[in-house]
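If you want the building blocks of each chain, they are given just below.
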Amino acid sequence: MSTETSVPHPRVSGVEGQPMDASDAALYATLLKEAPGGLAFFDRDLRCRRANDALAALLGVPVRELQKRRPSEVLPEALAAAFETALRKVVAEDRPVSDLDLVVPAGEPPAPGDAPGDAAGVATAVEERILACTWLPARNGDGEHQGVVLTALDVTERRRAEEVIRRKEQRYRSLVEASAQVVWVAAPAGGVIDDAPEWRAITGQTPDDYAVGGWLSVVHPEDRPRIESAWQECVDENRVFETNYRIRTKSGTYRHFDVRAVPIWQGDAVIEWVGANTDVTGQREAEEMRGRLTEQLSAAALRTARLQQATSMLAEALTVSQVVQVITEVGRSAIGADYSAVALLDDDKLRLSIVAPSQPGAEVETSPASRDDIKVSDQTVMSVAVRESRPFLAEHPDSLRLQLGHGERDLFAQHTGERAWVGLPLLAAGAPIGALRFSFTRPREITEEERVFLEALAGQCALAVERALLFEREHKTAEELQRSLLPSDLPQLPNMVLAARYNPATRHVQVGGDWYDVFRLPDDRLAVAVGDVMGKGVLAAAGMGRVRNALRALALNDARPAAVLAGLDRLFSATEDEEQFTTVAYVVIDPETGHGEFSNAGHPPPLLISPDTPARVSTLEPGTPLGWPSQRQQTSFSIETGNTVVFYSDGLVENRRRGVDAGLDELVAVAADAPPEVVGDPERLVDFLVDRMLAGYEQVDDVTVLALHVPPEPA
């Protein structure tokens, strides 16, 4: 850039018309050539007399085109109009015009030869530029007005940055207004700095009130200690403050606000805190309403689930005491009852008898009336429910006295722990069979939903009680029938001791097929048999009876084990169904010597226990069950002095959680743990084996155990 390419320099006189000295000339030349901003001089006719290259570059017009021309002759219309308006104002008013921004529109690239650095010394304006211009009146040494001096600075980037900031501030204000947030500012130490009109409009605080107490002064008294402590901790540690609290409004009510305040850092120091409060009262109220509805729906769903669970549990309850146990658990979990009881009517329908739960230590009705029979004619909770066949509700002691009169007062006086009562009749085919009673140690209102639940529960309880009564009668009959098919006693022998146990399964009431038999043969040998007819019911019992009787008949004709089992095979082929599955272990033994023969038709192997060797099960091939084609074999059998042989059914070693192989291993391990005094006593041994093998398992099949023991000779 060269000053020689600018508008020709005028001859400038110094003070009192003297020529400009060297220093003034140097200053003038430097300003025109090196000044970063644009400089120009316009005469009173608005024509440009002097301009530097910087201004020409900012305007995008070659310097030579500016010379002696008005702005309207070389500049775009809008820009020229702004130029000339400012020039005229300075000329007319003889005073500066400053802080005026002019926008230079984007221009096309200049023709060749006009690019920056050519002889004209021009720069090309391609993008829109913003110029901050100042217009100054110019005077000569005599103070006469000569024209106007222009200074122009390119502030495009600064103005754009300011516009970005302005737009961000507008967006921020719009966001705050749209989100109903209230913004406040606090000092680094947490005190109030600026007023917060929006906050005061909510709280009704005056500027002085806010300046003294700030936002903390209107926090709910119950929340204030927590909030003050948390706020001070955040201020001390310079970490984000985020919490919620209630604020007293100008109407005196309280609203819920969420607050978040962050420290503003400058270098390593916090210079202020900026916080934003959001009114979340509507949200909280909606959440509370939703919570209440959810609780109601959840309670209804829970009651339904508990009723379904109770129905399932009652379906598995086989005895009345088990039904009582289920009702006790459901009453406590579903309605929070402290006590519960089930009472059944006697055959004459005149008295109620309380039934104890199946598990020892379970809580039942604890009033004096629950310890003895209750007359249906008495004034008690269950008596009224049975007499009137309707639910009886007493939400507090006064209600109980009002409904039952003087007759219940003495009873209540003896049992002051109860404060609310529910009595429900147990109805079968519309007639009462008993009553269900719940009580509470505090006054308790039973809602309509709970009443419906309790009536449904009582209906399920009545069905379960009726089913349990039938089960108990049938189970007792079945067990008596089962035992009647087994030997009433075992032979008493001088050289051999026998013991047997039969445990019927608790999961069913039908007759099982397990059996054992011990009888004398004509030659004084002993015949021992243990068998299992698969299945339940009368068919299994009939099959068991046929096998037992046939075995005795065959043994009296030919006692050899192989011959007896072969005869049973022929019997099965001729008389039994192919689906019938029966196993038998049969041994003939001389009680004097302990020697004999043994044959097995698919039955579990016998257990051998000796004081000198580890317990073990026989490894002899068991053979096939009865009726299956097989060449029956028999092997020598011997019980040495001091040894014991144990025969058993598969119910001892097999169940739903334990396979046969694992059960046999466990049986051997249990026998190995038996103390010597137990091994030497068959009665104790069979109990020991049964107790240990069934411990921790649900018995789903009958268990039969028969032990033969040869005592050691006396010393």
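Just so it is clear, the model here is predicted, and its values are computed rather than measured.

## Quick word on the overall build of the protein
What the protein contains, in helices and strands, is 20 helices and 25 strands. When the 715 residues of the protein are sorted by exposure, 44% land in the buried category. Sequence-distant contacts in the protein: of pairs separated by 6 or more residues, those separated by 24 or more amount to 62%. A total accessible area of about 36,700 Å² is found for the protein, and carbon and sulfur atoms account for 51% of it.

## Notes on the nonpolar core
Counting 45 residues, the largest nonpolar core has Met 496, Trp 515, Leu 551, Tyr 586, Phe 647 and Leu 706 as the members making the most contacts within it. The residues touching Leu 551, leaving out its near neighbours within four places in the chain, are Trp 515, Phe 519, Ala 529, Val 564, Leu 568, Val 584 and Tyr 586. Grouped together as the second largest cluster of nonpolar side chains are 34 residues, Val 320, Ile 327, Phe 438 and Ala 462 included.

## A closer look at the pairing of strand E11 (residues 351-355)
Where strand E10 (residues 339-345) and E11 come together, four bridges link them in antiparallel fashion. In the strand pairing of E11, Leu 344 is matched with Ser 353. What sits between the antiparallel neighbours E10 and E11 is a turn of five residues, in which Lys 349 has the positive phi angle 60°. Strand direction decides the pairing type here: E11 and strand E12 (residues 374-375), joined by two bridges, are antiparallel. Residue pairing in the sheet places Arg 351 in a bridge with Lys 375 of E12.

## Notes on the sheet that holds E10
Hydrogen bonds along the backbone pair up the strands of a sheet, which may run parallel or antiparallel. An order of E12-E11-E10-E15-E14-E13 is seen for the six strands of this open sheet, with the pairing classed as antiparallel. The strands lining the two open edges of the sheet, one partner per strand, are E12 and strand E13 (392-394). Packing of helix H11 (residues 320-335) onto the sheet brings it into contact with E10, E11 and strand E15 (431-440), and relative to E15 it is tilted by some 40°. Its contacts with the sheet place helix H13 (residues 397-404) against E13 and strand E14 (420-428), and it is angled at close to 135° to E13.

## Remarks on the sheet that holds strand E17 (residues 514-520)
Taken in spatial order, the five strands of this open sheet run E17-E18-E19-E20-E23, and their pairing is antiparallel. A single partner strand is all that each edge strand has here, and the edge strands are E17 and strand E23 (635-638). Strand-to-strand twist in this sheet, taken as the mean axis angle between neighbours without regard to direction, amounts to 20°. Against the sheet, helix H17 (residues 561-575) makes contact with strand E19 (582-589) and strand E20 (595-601), and its axis sits at roughly 25° relative to E20, the strand it touches most.

## As for the environment of Val 182
On the secondary structure map, Val 182 appears in strand E6 (residues 181-186). Exposure remark for Val 182: the relative accessible area of 5% places this residue in the buried category. Separated by 15 residues in the primary sequence, Val 182 and Pro 197 place their C-alpha atoms 9.1 Å from one another.

## Concerning helix H12 (residues 381-388)
Counting buried residues along H12, six of its eight residues qualify, which places the element largely inside the surrounding structure. Buried within H12 are the following residues: Val 381, Met 382, Ser 383, Val 384, Ala 385 and Val 386. Phi turns positive one or two residues past the end of H12, at Ser 389, with a value near 55°.

## Quick look at the packing of aromatic side chains
Considering all chains together, one arrives at 14 aromatic pairs under this definition. Here the aromatic cluster, defined as three or more aromatic residues joined through ring pairs, consists of Trp 184, Trp 215, Trp 231, Phe 241, Tyr 245 and Trp 273. Just above the ring of Tyr 697 sits the side chain of Arg 658; from NZ or CZ to the centre is 4.2 Å.

## A closer look at the pattern of salt bridges
Applying the stated criterion to the full structure yields 35 salt bridges. Of the charged contacts, one joins Arg 49 and Asp 43 as a salt bridge, the two residues approaching to 2.7 Å between their closest N and O atoms. Of the charged contacts in the structure, one is a salt bridge between Asp 154 and Arg 129, with a shortest N-O distance of 2.4 Å. Of this pair, Asp 154 sits in strand E5 (residues 145-154) while Arg 129 sits in strand E4 (residues 129-139), and the two are 25 residues apart along the sequence. One network of salt bridges, in which partners are shared, links Glu 222, Asp 223, Arg 226 and Arg 246.

## A word on the packing of helix H18 (residues 660-673) against helix H20 (residues 682-694)
Interaxial distance between H18 and H20 falls to 10 Å at its minimum, and their mutual angle equals 130°. The angle between H18 and H20 falls in the class oblique. For the element pair H18 and H20, the recorded crossing hand is right-handed. Contacts between H18 and H20 involve Gly 663, Glu 666, Leu 667, Val 670, Ala 671 and Asp 673 from the first element and Phe 688, Leu 689, Arg 692 and Met 693 from the second. Grouping the constituent residues of the contact of H18 with H20 by class yields six nonpolar, one polar and three charged.

## A closer look at the environment of Trp 231
One can find Trp 231 in helix H9 (residues 224-237). Judged by relative accessible area, which is 4%, Trp 231 ranks as buried. Sequence separation between Trp 231 and Leu 216 is 15 residues, and the spatial gap between their C-alpha atoms is 9.5 Å. If we skip the residues at most four places from it in the chain, Trp 231 touches Trp 184, Ala 186, Gly 190, Trp 215, Leu 216, Phe 241, Ala 261 and Trp 273.

## So, the environment of Val 219
Positionally, Val 219 belongs in the loop between helix H8 (207-213) and H9. For Val 219, the residues in contact, after removing those within four places along its chain, are Arg 224, Ile 227, Tyr 245, Arg 246 and Ile 247.

## Observations concerning the side chain of Asn 277
Along the polypeptide, Asn 277 turns up in strand E9 (residues 269-279). You can call Asn 277 buried: its relative accessible area is 0%. There is a polar contact of 2.7 Å between the side chain of Asn 277 and the side chain of Tyr 245.

## Some points on H20
Along its 13 residues, H20 runs 18 Å from first to last C-alpha, staying within 8% of the 18 Å computed at 1.5 Å per residue. Within H20, burial applies to Pro 682, Leu 685, Val 686, Phe 688, Leu 689, Val 690, Met 693 and Leu 694. Each element contacted by the buried residues of H20 is listed here: strand E16 (497-503), strand E21 (607-609), strand E24 (644-648), H18, helix H19 (676-679) and strand E25 (703-709).

## A closer look at unusual backbone geometry
The backbone of Asp 94 shows a phi angle near 55°, a positive value even though the residue is not glycine. Mapped onto the elements of the fold, Asp 94 is located in the loop between helix H5 (77-93) and strand E3 (97-104).

## Quick word on the confidence of the model for the protein
Of all residues in the protein, 85% attain a pLDDT of 70 or more, and the chain-wide mean is 82. Low pLDDT, under 50, characterises residues 110-123; the stretch is placed with 26 contacts to residues that sit more than four places away or in other chains.

## Comments concerning the side chain of Asp 43
You can see Asp 43 is positioned in strand E1 (residues 38-43). A distance of 2.8 Å separates a polar atom in the side chain of Asp 43 from the backbone nitrogen of Arg 47. At 2.7 Å, the side chain of Asp 43 and the side chain of Arg 49 are in polar contact. When near neighbours in sequence (up to four residues on either side) are disregarded, Asp 43 contacts Arg 49, Gln 146 and Gly 147.

Conventions and cut-offs
- Residues numbered from 1 in each chain as written.
- Predicted model: local features only at pLDDT ≥ 70, side-chain atom pairs only at ≥ 80, totals over all residues.
- Heavy atoms only, no water.
- Helix = DSSP H or I, 4+ residues; strand = E, 2+ residues; numbered from the N terminus.
- Buried < 20%, exposed > 50% of the residue type's maximum accessible area, 1.4 Å probe, protein only.
- Contact = heavy atoms within 4.5 Å.
- Areas by Shrake-Rupley, 256 points an atom, 1.4 Å probe, with all protein chains shown as cover.
- Core = buried A, V, L, I, M, F, W, Y, C linked by side-chain atoms within 4.5 Å.
- Pairing = 2+ DSSP bridges.
- Axes fitted to C-alpha atoms, helices over the stretch in contact; angles between N-to-C directions.
- Phe/Tyr/Trp six-rings, centres within 6.5 Å; stacked < 30°, edge-to-face > 60°.
- Lys NZ or Arg CZ within 6 Å of the ring centre and 35° of its normal.
- Salt bridge = Lys/Arg side-chain N within 4 Å of Asp/Glu carboxyl O.
- Parallel < 35°, antiparallel > 145°, perpendicular 65-115°, else oblique.
- Left-handed = near helix turned anticlockwise from the far one by under 90°.
- Nonpolar A, V, L, I, M, F, W, Y, C, P; charged D, E, K, R; others polar.
- Polar contact = N/O pair within 3.5 Å; in protein donor to acceptor, adjacent residues only side chain to side chain.
- Expected span 1.5 Å × (residues − 1).
- pLDDT = per-residue confidence, 0-100.

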